[in-house]
Amino acid sequence: MTATGDYTIASLDTGLRAMRLFLTHDTLTVTEAAGHLRVGRSTAHRVLSTLESRGFAIRDTSGRGYAAGPELVRLGRPAGFGRAARDRLGPVLEDAAGRTGETVWSVALIGDQVIVTDGRESSHPVRVALELGRTGPAHAGSGGLLLLSRMTADQVCALYPDEALEAVTPATLTSRTALLAELAVIRRRGHAVSRGASVAGMTTVAVALAGSSWRDRLALVAAAPADRSGDAALAERADRLREAAALLAPAPPS
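All values derive from a computational prediction rather than experimental measurement. (Residues numbered from 1 in each chain as written. Predicted model: local features only at pLDDT ≥ 70, side-chain atom pairs only at ≥ 80, totals over all residues. Heavy atoms only, no water.)

Residue pairs three or four apart in sequence face the same way in an α-helix, which turns once every 3.6 residues. Here helix α5 (residues 83–100) contains 18 residues, and its C-alpha end-to-end distance of 25 Å stays within 8% of the 26 Å for a straight helix at 1.5 Å per residue. Its maximal kink placed at Leu89, α5 deviates by approximately 35 degrees, while the proline Pro91 follows within four residues. When α5 is considered as a whole, its buried residues turn out to be Ala85, Leu89, Gly90, Val92, Leu93, Ala96, Ala97 and Thr100. Close packing links the buried residues of α5 with β4 (103–110), β5 (113–120), β8 (202–209), β9 (218–225) and α9 (231–245). (Helix = DSSP H or I, 4+ residues; strand = E, 2+ residues; numbered from the N terminus. Expected span 1.5 Å × (residues − 1). Bend = angle between axes of the 7 residues up to and from the residue. Buried < 20%, exposed > 50% of the residue type's maximum accessible area, 1.4 Å probe, protein only. Contact = heavy atoms within 4.5 Å.)

So, in structure tokens, the structure goes:
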């Protein structure tokens, strides 16, 4: 996306583009930054120094370049990780697993992908395995769909600029139009359901976990084999997840 029009602030635009460079470069020298940004070395130096002063960049160990600073690392870290977050989520996951009898996990949204941050596995002999750290397309599972439903249609369209979506299984939504329609249903219903859209034979249901912004919202997911996931079972599972989600302790002030 490129900023256009009379309201563009050139220095801010350059700074934002410099921040994006740290997504693909472990370190940047002033000369490298100047080349990528198409600005003079003095401008690149001022931009990097400003980012450093605000914690968005740090000098690398060699002293010859810059690396992503703590503020950028903090912005890029998805919700649900870290000791404090795991301590808060632990009782919720334990309760959700007990109430549903199924494997449960929490997921965070990173762009158009979701990542499993924590969970508990069912004691059923036949169960869905828990895969911590697993990532996948947000539109292909109930957790991702739930989190996408908390965004506006314009935000979703920005994440999905093309009409065609990746098909993970034959049951995956494959058009942005269908995705937007499904998100509207989820907003009205209050929970999301996925029937084999991410893994054939697996049905999941998801509800929201409290969060003050899009960055720290999580979804609470229960996953089970399809033969234990009729409509009535899914509706009841969603209710049990909501009861567990209500136990989430408030986050400590930052």
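There is more to say, and it comes next.
Right, let's talk about a nonpolar patch on the surface for a bit. A grouping of Ile9, Leu12 and Leu16 is seen on the molecular surface, where their side chains present a nonpolar patch of about 280 Å² in accessible area. Tracing the backbone through its elements, the reader meets Leu16 in helix α1 (residues 10–21). By relative accessible area, which is 45% here, Leu16 ends up partly exposed. (Patch = residues over 30% accessible without salt bridge, like charges linked within 9 Å, V, L, I, M, F, W, Y side chains within 5 Å. Areas by Shrake-Rupley, 256 points an atom, 1.4 Å probe, with all protein chains shown as cover. Salt bridge = Lys/Arg side-chain N within 4 Å of Asp/Glu carboxyl O.)

Before going further, it helps to examine the sheet that holds strand β3 (residues 66–68). Within the open sheet, the three strands sit side by side as β1-β3-β2. Their pairing is antiparallel. Strands with a single pairing partner mark the edges of an open sheet, and in this sheet they are β1 (27–28) and β2 (57–59). With two bridges joining them, β1 and β3 adopt antiparallel strand pairing. Looking at β3, one finds that Leu28 is bridged to Tyr66. (Pairing = 2+ DSSP bridges.)

Formed by 23 residues in total, the largest nonpolar core has its most connected members in Trp105, Val107, Leu148, Tyr160, Leu179 and Leu183. Broken down by secondary-structure element, the contributors of at least two residues to this core are β4, β5, α6 (142–149), α8 (176–189), β8 and β9. Sort the elements by how many residues they give to this core and α6 lands first, with four residues. With residues up to four places along the chain from it excluded, the contact list for Tyr160 reads Asp112, Ala138, His139, Leu148, Leu165, Arg176 and Leu179. (Core = buried A, V, L, I, M, F, W, Y, C linked by side-chain atoms within 4.5 Å.)

Attention now goes to the sheet that holds strand β6 (residues 135–137). Think of a sheet as strands paired side by side through backbone hydrogen bonds, with each pair either parallel or antiparallel. Spatial ordering of the open sheet is given by β6-β5-β4-β9-β8-β7, a layout of six strands whose pairing is antiparallel. Two strands close off the open sheet at either side, each with one partner strand: β6 and β7 (192–195). Taken pair by pair, the neighbouring strands of this sheet meet at an average axis angle of 30 degrees, ignoring direction. Bridge count for β4 against β9 is six bridges, and the pairing is antiparallel. (Axes fitted to C-alpha atoms, helices over the stretch in contact; angles between N-to-C directions.)

Before going further, it helps to examine α8. Along its 14 residues, α8 runs 20 Å from first to last C-alpha, staying within 8% of the 20 Å computed at 1.5 Å per residue. Among the residues of α8, those classed as buried are Leu179, Leu183 and Ile186. Projected onto a plane normal to the axis of α8, the buried residues spread over an arc of 60 degrees and lie on a single side. Seen from the buried face of α8, the exposed residues on the opposite side, beyond 90 degrees, are Thr177 and Arg188. In this structure, the buried residues of α8 make contact with α6, α7 (153–159) and β7. (Arc of directions from axis to C-beta.)

Under the defined criterion, the tally for this structure stands at 16 salt bridges. Ionic pairing is found between Arg120 and Asp118, a salt bridge with its closest N-O pair at 3.4 Å. For Asp118, a relative accessible area of 4% translates into the label buried. Taking the shortest distance from any N to any O, the salt bridge between Glu121 and Arg127 comes out at 2.9 Å. Look at Glu121 and you get partly exposed, because its relative accessible area is 38%. Here the salt bridges do not stand alone but share partners, grouping Asp95, Arg99, Glu236, Arg240 and Glu243 into one network.

On to the pairing of β7, then. Of the strand pairs in this sheet, β7 and β8 are connected by four bridges, and their pairing is antiparallel. Residue pairing in the sheet places Val193 in a bridge with Val205 of β8. The antiparallel hairpin formed by β7 and β8 contains six residues in its connecting segment, where Gly196 sits at a positive phi of about 70 degrees.

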